[in-house]
Amino acid sequence: MTRIVAPADTQLLDVRTRRGFGARFGRAAEFVITAPGRANLIGEHTDYNDGYVLPFALARRTAIAVSPREGRAVCFSSALARGDVEFSLDEPIVPRGEPAWGDYVRGVVAGCLSAGLDPGGFDAWVDSDVPVGAGLSSSAALEVAAAGVVERLAGASLAPLAKARLCQRAEHEFAGVPCGIMDQMASILATTDDLLLLDCRDNSWRQVALPGSEVEVVVVDSELPHDLGQGEFALRVEQCREAARRLGVRSLRDATREQLSALAGYPVLQRRAQHVVEENARVLAAVDAIRTNDWTHLGVLLDESHQSLRDLYEVSRPEMDDLAGSLRCAGALGARMTGGGFGGCAVALFRAGSRPERLFSGE
Ligand code: GLA
């Protein structure tokens with residue numbers, strides 16, 4: 001089954017999350033904090049190579065309803081997963097606790113405490129419209145919302161980059177995924193209307209407007225489960241590091257096409273590096289195509305990105321290739337897998353008003 005990831009009603013989510021809190025904890029929630037999932041238009045597997053990305057926020061969010069409680073105990077409970085996440089702020093917060101989803105929130109609260117933000121004891125109920133395991137950063141949305149909860153309770157706020165780094169650290173150290181910074185930055189800074197051009201070397205960013213009167217980006221879930229923890233993601237990160245080391249550059253951001261022949265003896269590393277070097281160039285070309293309203297070229301860049309992820313980076317799956325292909329057949333100017341890969345979602349670019357009403361049977 002494939003389905004369009006349609007916008008969800010934020011107000012409904014708010015009501016549902018408050019209701020869930022009430023049913024679980026027997027009192028009213030004091031406040032609700034939300035954070036969005038993201039999709040990436042182009043710039044895949046470039047963030048941990050100090051490169052460029054171009055994500056946007058989804059109109060789908062993770063919400064946490066919260067009420068403080070006496071003492072130093074914290075309890076997270078969720079509509080989406082079994083098992084409560086319980087710990088004390090006075091004891092060391094450790095990774096790899098049960099249930100496993102709790103690692104994200106444990107990691108964030110631990111990071112906040114070491115940054116000097118103490119929330120005091122609280123109860124929290126988590127609900128979400130971001131499909132889990134679909135490559136839309138449900139984990140970053142959970143981390144960023146959890147950080148927002150601690151900020152609110154501690155009466156202090158973190159700068160966007162500090163908050164993103166803290167959430168990224170939770171993912172690295174508690175969940176064991178060596179991700180880049182795109183997902184967390186996108187969840188904090190991106191909007192649903194604009195693209196976020198982020199330079200992952202100096203973490204500078206700017207919004208890039210995509211005129212809705214001209215084009216529309218559609219996100220489609222392949223409903224193939226993807227799991228970044230399975231080792232393939234970490235392997236790509238390692239291969240990129242190794243390629244940069246062999247090329248004598250700080251990171252693949254600094255490598256050029258001409259240099260790639262030096263990796264001829266290491267075909268896998270060469271393919272990975274070629275993807276990163278060309279994908280970075282494609283992001284900048286995409287921003288240029290948007291500036292000049294060259295939608296045909298933007299579509300071509302999306303297609304090229306997909307081919308590169310399939311052939312050079314080897315993170316696609318035949319079903320994802322078919323999905324991107326059927327989106328093109330349905331009239332998309334370009335389509336590609338989005339996110340880490342091995343399943344998850346595709347993004348497709350349509351001229352405004354040109355998308356067939358029903359993209360897939362049964363929709
Ligand atoms: C995952 C990671 C991101 C990024 C993408 C691939 O979503 O969490 O940091 O590396 O894969 O672009």
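Novice: Please explain the pairing of strand S11 (residues 334-338) as it appears in this structure.
Specialist: When a strand is regular, its side chains alternate between the sheet's two faces. In terms of burial, S11 is a largely internal element, 5 of the 5 residues being buried. Relative to strand S12 (residues 345-351), S11 runs antiparallel, the two sharing 5 bridges. In the sheet register, Thr 338 faces S12, and the bridge partner there is Cys 345. Linkage of S11 to S12, two consecutive antiparallel strands, is achieved through a turn of 6 residues, within which Gly 339 is found at a positive phi near 90°.

Novice: Would you take a moment to explain the pairing of strand S9 (residues 204-209) for this structure?
Specialist: Of the pairings in the sheet, the one linking strand S8 (residues 194-199) to S9 comprises 6 bridges and is antiparallel in character. Within S9, the position partnered with Leu 196 by the bridge is Gln 207. If you look at the hairpin formed by S8 and S9, you'll find 4 residues sitting between the two strands, and Asn 203 has a positive phi there, around 55°.

Novice: Would you take a moment to explain the state of the cysteines for this structure?
Specialist: Disulfide: a covalent bond formed between the sulfur atoms of two cysteine residues. Considering all chains together, one arrives at 0 disulfides under this definition. The closest cysteine sulfur to the non-disulfide-bonded Cys 75 is located on Cys 112, 18 Å from its own sulfur. Unpaired in this structure, Cys 112 has its nearest cysteine sulfur neighbour in Cys 167, at a distance of 7.2 Å. On the basis of relative accessible area, Cys 112 is assigned to the buried category, the value being 0%.

Novice: How should the packing of helix H4 (residues 160-174) against helix H5 (residues 182-189) be read in this particular structure?
Specialist: In a packed pair of helices, the relevant descriptors are the angle between the two axes and the axis-to-axis distance. Orientation of H4 relative to H5, taken along the N-to-C sense of each, is 135°, at an axis distance of 9 Å. The orientation of H4 with respect to H5, classified from their angle, is oblique. The handedness of the crossing between H4 and H5 comes out as right-handed. Of the residues in H5, those touching H4 at Pro 160, Leu 161, Lys 163, Ala 164, Cys 167, Gln 168 and Glu 171 are Gln 184, Met 185, Ile 188 and Leu 189. Of the residues contributing to the contact of H4 with H5, the split by class is 7 nonpolar, 2 polar and 2 charged.

Novice: Explain the packing of helix H3 (residues 138-154) against H4 to me, please; I cannot follow it from the model alone.
Specialist: As a packed pair, H3 and H4 sit with axes 10 Å apart at the nearest point and diverge in direction by 125°. Relative to H4, H3 is oriented oblique. Every pair of crossing elements has a handedness; the one defined by H3 and H4 is right-handed. Between H3 and H4, the residues in contact are Ser 139, Glu 143, Val 144, Ala 147, Gly 148 and Glu 151 and Lys 163, Cys 167 and Glu 171, respectively. The residue makeup of the contact of H3 with H4, split by class, is 3 nonpolar, 2 polar and 4 charged.

Novice: What's the story with the site of the ligand in this structure? I'm lost.
Specialist: Surveying the vicinity of the ligand reveals 12 residues, the closest of which are Glu 44, His 45, Asp 47, Gly 180 and Asp 183. Arg 38 is positioned such that a nitrogen or oxygen atom in its side chain is 3.0 Å from an oxygen atom of the ligand. Contacts to the ligand include His 45, whose backbone N or O atom sits 2.7 Å from an oxygen atom. When residues of the shell around the ligand are sorted by domain, at least three fall in each of domain 1 (3-199) and domain 2 (209-351).

Novice: Looking at this model, I keep getting lost on the sheet that holds S9. Mind explaining?
Specialist: Across a sheet, strands are paired by hydrogen bonds formed along the backbone, either parallel or antiparallel in direction. Overall, antiparallel pairing links the 3 strands, which are arranged S3-S8-S9 in an open sheet. Two strands bound the open sheet, and with one partner strand each, they are strand S3 (52-53) and S9. Lying on the sheet, H5 is in contact with S3, S8 and S9; it crosses S8 at an angle near 135°.

Novice: Could you clarify how one ought to interpret the sheet that holds strand S1 (residues 3-4) in this entry?
Specialist: Overall, antiparallel pairing links the 4 strands, which are arranged S1-S10-S12-S11 in an open sheet. Single-partner strands in this sheet number two, and they are S1 and S11.

What counts and how
Residues numbered from 1 in each chain as written. Predicted model: local features only at pLDDT ≥ 70, side-chain atom pairs only at ≥ 80, totals over all residues. Heavy atoms only, no water. Buried < 20%, exposed > 50% of the residue type's maximum accessible area, 1.4 Å probe, protein only. Helix = DSSP H or I, 4+ residues; strand = E, 2+ residues; numbered from the N terminus. Pairing = 2+ DSSP bridges. Disulfide = S-S within 2.5 Å. Axes fitted to C-alpha atoms, helices over the stretch in contact; angles between N-to-C directions. Parallel < 35°, antiparallel > 145°, perpendicular 65-115°, else oblique. Left-handed = near helix turned anticlockwise from the far one by under 90°. Contact = heavy atoms within 4.5 Å. Nonpolar A, V, L, I, M, F, W, Y, C, P; charged D, E, K, R; others polar. Near = heavy atom within 4 Å. Polar contact = N/O pair within 3.5 Å; in protein donor to acceptor, adjacent residues only side chain to side chain. Domains from an automatic or database assignment.

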